[in-house]
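Read off the chains here:
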Amino acid sequence: MIRAEWHKLRTVRGWLGGLIAAFAVIIGLGVLAAFGVHTSCGQQEGEACPAPPIGPGGQAVQDRFAFVHQKLDGDGTLTAHIADFTGIITYPPPNHDELVPGLVPWAKAGLIIKDGTKPGSAYASVMLTGSHGVRMQHNYTEDKAGPTDARWLRITRSGNTIKGYASSDATRWAEIRSVDLPGLPRTVQIGFLVASPANVTAKPGPHGGSIVQARFTQATAVFDHVDRTGTWTYEKLGDDGGMTDWEKFHHNAGLDQHGGTLTISGSGDVAPAGNEAGATIAHTLTGMIVALIAVFVVAVLFITAEYRRDLIRTTFTAMPHRGRVLAAKAAVIGAVVFTGGLIAAAITVPLAVHLMRSGGNFVIPSSTATGVRVVVGSAALLALAAVLAYAVGALLRRGVAAVAVAVLLVVLPYILATTSILPSAAAGWLLRLTPAAAFAVQQALPSYPQVNMPYAPSDGYYPLPAWAGLLVLAGWASAALALAVARTRRADA
Amino acid sequence: MRAALHAEWTKLRTIPEAAVFLLLTVVLTVALSVTAAALGAVDRVEASLLGVRLGQAVVAAWAIQLLAGEFGTGLASTTFIALPRRLTVLTAKAVLLLTGVLAAAVVSVTASVLAGRILIDDYPPLTDGPLRAAAGSVGYLLLIALLGLGAGAALRSAVGATSIVLGLLYLTPVIIGMFSDLETQHHIFRAMPGTAGLTVLSTVDMGTLPIQPLPGLVVAATWAFVTLGVGAAVFCARDV
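What you are looking at is a predicted structure, and each value in this text was computed from that prediction instead of being measured.

Q: Just checking my understanding: could you explain the overall build of chain B for this structure?
A: Helix and strand counts for chain B come out as 12 helices and 0 strands. Going from N to C terminus, chain B has its helices and strands arranged as α-α-α-α-α-α-α-α-α-α-α-α. Whereas a compact globule of 240 residues would reach a radius of gyration of roughly 18 Å, chain B reaches 18 Å, a difference of no more than 12%. Expressed along its principal axes, the backbone C-alpha trace of chain B runs to roughly 60 × 40 × 25 Å. Sequence-distant contacts, at least 24 apart, represent 74% of the contacts inside chain B between residues at least 6 apart. With the model as given, the accessible surface of chain B reaches about 9,800 Å², and the carbon-plus-sulfur share is 70%.

Q: Before we go on, may I ask you to explain the packing of helix 1 (residues 2–11) of chain A against helix 6 (residues 322–358) of chain A in this structure?
A: Axis angle and axis distance: for two packed helices, these are the angle between their axes and the distance between the axes, and together they describe the pair. Residues and elements named next belong to chain A. Relative orientation of the contacting elements helix 1 and helix 6 amounts to 55 degrees, with a least axis distance of 9 Å. Between helix 1 and helix 6, the angle is such that the two are oblique. For the pair helix 1 and helix 6, the crossing hand works out as right-handed. When helix 1 is examined against helix 6, the residues Ile2, Glu5, Trp6, Lys8 and Leu9 are found in contact with a partner set consisting of Val325, Ala328, Lys329, Ala331, Val332, Ile333 and Val336. Its residues assigned to classes, the contact of helix 1 with helix 6 comprises 9 nonpolar, no polar and 3 charged.

Q: Would you mind going over the sheet that holds strand 16 (residues 233–237) of chain A with me for this structure?
A: Note on sheets: strands pair through backbone hydrogen bonds, and any given pair is parallel or antiparallel. Residue and element names in this part refer to chain A. Within the open sheet, the 7 strands sit side by side as 8-7-6-5-12-2-16. Their pairing is antiparallel. With one partner strand each, in any of the chains shown, strand 8 (142–145) and strand 16 form the two edges of the open sheet. Taken over all neighbouring pairs, the strand axes of this sheet differ in orientation by 25 degrees on average, direction set aside.

Q: What am I meant to see in the environment of Leu146(B) here?
A: All names here are of chain B. Structurally, the position occupied by Leu146 is in helix 7 (residues 130–155). Distance in space between the C-alpha atoms of Leu146 and Ala221 is 8.8 Å, their sequence separation being 75 residues. With residues up to four places along the chain from it excluded, the contact list for Leu146 reads Leu98, Ala224, Phe225 and Leu228.

Q: Is there a simple way to explain the UniProt feature "transmembrane region" (unreviewed entry) in chain B in this structure?
A: All names here are of chain B. Summarizing the sequence annotation, UniProt attributes the feature "transmembrane region" (unreviewed entry) to residues 20–42, 62–83, 95–120, 132–151, 158–179 and 214–237 in the numbering used throughout. Structurally, residues 20–42 is divided into 87% helix and 0% strand, and its ends, taken at the C-alpha atoms, are 34 Å apart. For residues 158–179, the helix share is 86%, the strand share is 0%, and the end-to-end C-alpha distance is 32 Å.

Q: Explanation requested: empty space enclosed by the protein in the structure shown.
A: Where empty space is left becomes clear once a probe the size of a water molecule has been rolled over the atoms. Residue and element names in this part refer to chain A. Applying the stated criterion across every chain yields a total of 3 cavities of 30 Å³ or more. Roughly 50 Å³ of volume is contained in the largest cavity. Along the walls of the largest cavity sit Arg64, Phe65, Ala66, Tyr234, Lys236, Leu237, Glu247, Ala253, Ser265, Gly266 and Ser267, which together make up its complete lining. Every element with two or more residues in the lining of the largest cavity is listed here: strand 2 (65–73), strand 16 and strand 18 (261–266). Ranked by the residues each element gives to the lining of the largest cavity, the list is headed by strand 16, at 3 residues.

Q: Looking at this structure, I do not really get the pairing of strand 12 (residues 187–195) of chain A. What am I missing?
A: Two faces, one strand: in a regular strand the side chains alternate between the faces of the sheet. All names here are of chain A. Counting buried residues along strand 12, 8 of its 9 residues qualify, which places the element largely inside the surrounding structure. When strand 2 meets strand 12, the two strands line up antiparallel, connected through 8 bridges. Residue pairing in the sheet places Phe67 in a bridge with Leu193 of strand 12. Where strand 5 (residues 108–114) meets strand 12, 7 bridges bridge the pair, whose relative direction is antiparallel.

Q: Is there a simple way to explain helix 12 (residues 213–237) of chain B in this structure?
A: Residues three or four positions apart in an α-helix share a direction because the helix packs 3.6 residues into each turn. All names here are of chain B. In this model, helix 12 (25 residues) spans 36 Å end to end at C-alpha, consistent with the 36 Å of a helix rising 1.5 Å per residue. Along helix 12, the residues classified as buried are Pro213, Gly216, Leu217, Val219, Ala220, Ala221, Ala224, Thr227, Leu228, Gly231, Ala232 and Phe235. Contact partners of the buried residues in helix 12: helix 4 (52–73), helix 5 (75–82), helix 6 (86–119), helix 7, helix 10 (182–191) and helix 11 (193–197).

Q: Please explain the packing of aromatic side chains as it appears in this structure.
A: Within a pair of aromatic rings, the relevant descriptors are the distance that separates the centres and the angle that separates the planes. Residue and element names in this part refer to chain A. Considering all chains together, one arrives at 9 aromatic pairs over all chains under this definition. For the ring pair Phe302 and Tyr390, a centre distance of 6.3 Å and an interplane angle of 45 degrees mean the geometry is tilted. Within this pair, whereas Phe302 is found in helix 4 (residues 288–308), its partner Tyr390 is found in helix 7 (residues 368–396), the two being separated by 88 residues in sequence. Judged by its relative accessible area of 1%, Phe302 falls in the buried class. By relative accessible area, which is 0% here, Tyr390 ends up buried.

Q: Could you clarify how one ought to interpret the pattern of salt bridges in this entry?
A: In a structure, side chains of opposite charge can pair up when their charged atoms sit close to one another. Residue and element names in this part refer to chain A. Summed over all chains, the structure comprises 16 salt bridges over all chains. When the shortest N-O distance is used, the salt bridge between Lys236 and Glu247 registers 3.3 Å. Of this pair, Lys236 sits in strand 16 while Glu247 is found in helix 3 (residues 245–250), placing the two residues 11 residues apart along the sequence. Overall, Glu247 belongs to the buried group, its relative accessible area being 5%.

Q: Honestly, the domain arrangement of chain A in this entry has me stumped. Any pointers?
A: Often, the extent of an interface is quoted as the loss of accessible area on bringing the components together. All names here are of chain A. Taken domain by domain, chain A holds domain 1 (2–38 + 278–490) and domain 2 (61–272). Centre-to-centre, using C-alpha coordinates, domain 1 lies 44 Å away from domain 2. Surface buried jointly by domain 1 and domain 2 totals about 1,100 Å² across both partners, of which 60% is contributed by carbon and sulfur atoms. Applying the counting criterion to the domain 1 and domain 2 interface returns 1 residue pair in polar contact (both at pLDDT 80 or more). Taken together, the residues of the side of domain 1 that touches domain 2 sort by class into 6 nonpolar, 5 polar and no charged.

Q: Which parts of the structure should I look at to understand the interface of chain A and chain B?
A: Taken together, the contacts link 36 residues of chain A with 40 residues of chain B. It is His207(A), Val400(A) and Ile421(A) in chain A that bury the most area against chain B; as a group they hold 22% of the surface buried on that side. On the surface where chain A and chain B come into contact, there are 0 salt bridges. Taken together, the elements giving at least two residues each to the side of chain A that touches chain B come down to helix 2 (13–36), helix 4 and helix 8 (399–419) of chain A. Of all the elements, helix 8 of chain A adds the most residues to the side of chain A that touches chain B, at 12 residues. The residue inventory of the side of chain A that touches chain B, partitioned by class, reads 25 nonpolar, 9 polar and 2 charged.

Q: Looking at this structure, I do not really get the packing of helix 2 of chain A against helix 6 of chain A. What am I missing?
A: Residue and element names in this part refer to chain A. Their axes nearest at 9 Å, the elements helix 2 and helix 6 cross at an angle of 15 degrees. With respect to their mutual orientation, helix 2 and helix 6 come out roughly parallel. The handedness of the crossing between helix 2 and helix 6 comes out as right-handed. Contacts between helix 2 and helix 6 involve Leu19, Phe23, Ile26, Ile27, Gly30, Val31, Ala34 and Phe35 from the first element and Val336, Val337, Gly340, Gly341, Ala344, Ile347, Thr348, Leu351, Ala352, Leu355 and Met356 from the second. Of the residues assigned to the contact of helix 2 with helix 6, the class counts are 15 nonpolar, 4 polar and no charged.

Conventions adopted
- Residues numbered from 1 in each chain as written.
- Chains lettered and ligands numbered in written order.
- Predicted model: local features only at pLDDT ≥ 70, side-chain atom pairs only at ≥ 80, totals over all residues.
- Heavy atoms only, no water.
- Helix = DSSP H or I, 4+ residues; strand = E, 2+ residues; numbered from the N terminus.
- Rg over C-alpha atoms; globule rule 2.2 N^0.38 Å.
- Contact = heavy atoms within 4.5 Å.
- Areas by Shrake-Rupley, 256 points an atom, 1.4 Å probe, with all protein chains shown as cover.
- Axes fitted to C-alpha atoms, helices over the stretch in contact; angles between N-to-C directions.
- Parallel < 35°, antiparallel > 145°, perpendicular 65-115°, else oblique.
- Left-handed = near helix turned anticlockwise from the far one by under 90°.
- Nonpolar A, V, L, I, M, F, W, Y, C, P; charged D, E, K, R; others polar.
- Pairing = 2+ DSSP bridges.
- UniProt positions renumbered as here; feature names shortened; annotations may be inferred.
- 1 Å grid on protein atoms, 1.4 Å probe; cavity = no way out; pocket = protein on both sides within 12 Å on 5 of 7 lines; lining within 4 Å.
- Points joined across faces, edges and corners; volume = space filled by probe spheres on them.
- Buried < 20%, exposed > 50% of the residue type's maximum accessible area, 1.4 Å probe, protein only.
- Expected span 1.5 Å × (residues − 1).
- Phe/Tyr/Trp six-rings, centres within 6.5 Å; stacked < 30°, edge-to-face > 60°.
- Salt bridge = Lys/Arg side-chain N within 4 Å of Asp/Glu carboxyl O.
- Domains from an automatic or database assignment.
- Buried area = accessible area lost by both parts, 1.4 Å probe.
- Polar contact = N/O pair within 3.5 Å; in protein donor to acceptor, adjacent residues only side chain to side chain.

So, in structure tokens, the structure goes:
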């Protein structure tokens, strides 16, 4: 039965041509997207942007903070008390006309052990934050909550193992976490970290999308009862040389040491970078939605043409089990589209990423697992959407209506969610409930709770995980197929 | 011409297709408009008319079906035997299409704006945006109907024409997103019927739009009439 259906699909020249054209469109638009990206920084056109540092996990990261450090040979420990933690936020909403004292939620002050002073190097840190209590973070992406009221911090190193402790009275210590930093050299830097990420807000744009604003902030922490002696060196880690007016005229970042008390001011963040840092691998597959429409045409005609040409009677005479015929056709169109989509995506992603990189653009690196998920997931999206369109065709038996319904179910919600004036909460629901939820497979960068970013659908962040998004689409496709089978059993051909 | 109109009217009247498409236009347009109005947005007028973005697909699909559908079923040869002057047939179809779409558009746009006035706090006074956006929306939907008719006549494959027209209307933002250069983005925005034409919905921050509503409608009209011209040429010249 499957062979018979495959034979039909294979021998209609327009259908096979349509599918091949669709897969060619994926590759072609991927290449176009690669040439469409031009990042230039500085005054001159074509000047390359500084690439963000790469963390030990291979991700693009932010590594910019006030680092007060000394050498640590072998094992050791550092304990300190945070006597004061304050900050300023420059010109926040609603009126944007004041310097407001205060800390952003993820402002950080604490103790850190780091593999040298190169941005992107491995580290582990125990820190007090603006409003998320004490945390133990390491290697940019990892975060674990500690007590909320502790002001005493301790960090210890023993071989590759780093432990963070917190206490509210300096006598009873609670271990927050013990982490392994593989390959840590014998000599590392131990010391203090003060960072203050930008104050970020997003408001809906007048013509769709959201307008994200980031404002400079600075945090100042006073450390006393420091149990290590020796000289402390201040370094503005990851410094880009730029200075805000606040740093120039009010209070510069730096270290102020009086006896055993260290006052440290700094800005920036030690965290994974978001897609503001550059293009992601998913950018190369934005053209896939164009191919999707061509796939709809073939999938719909695959069934409606049988009705129009009355071939369906022959089919049902030859194979009287109608439900199985419909299922076999669905399997054939799904499998063919999946295979073609897989090949096209597997060519497009590496090719377009290579073109973007050789054009001097920074492409945020993704792990192999993420790359495979994006490629295979995109092929699955195409295949499931093709089955949905085919099932709608079998249900309605009218080509124009079926293609229009498929576009309105899959393409329009995606467009409304990512480029229209719908508020981002509503956009999120569109991407949870409609078949467009499956576009979540193309999210190349995870969102992190310990980074205060808007993570809006218009920026390529989806509300559902990849597998759940595909499951939503699969649910729609099977529901449509079930309805089609029910109608075909009941109605005349 | 009267005979042609009468014939086309009989075809429309005797199958439920036209009624279904027009009813769907109204229902879907008003439904999305009301939802968006209830959710709110910076541009209150655009929110209250957001359903036009959805309704245009139904309008385009009907226009294509009205024309290309006949080629699919083979009815076209009968039509041409009865009415050999093909331009007259096309004109009659266009007249009925525009009448139907005009009625559906006026109903859905009026209902959307009224719903917006009720649902949205401090909805601007009618003359201060809503009226212009509503009239523009009706004009835009009529142009999309002509675009669909032209595409249906030019391509004949109803399904193929539907996918191309809907792709043209909906995928422009995706193509724009592939370019990081603002100037290229604005060029594409200004050139395409869906993006340029739907600037009629905008009523705030007009200075930041790549194209203003009236020139935007002219772009959409150019697309519609060029497609219609090509469609008419193919329609008159080709064998059935």
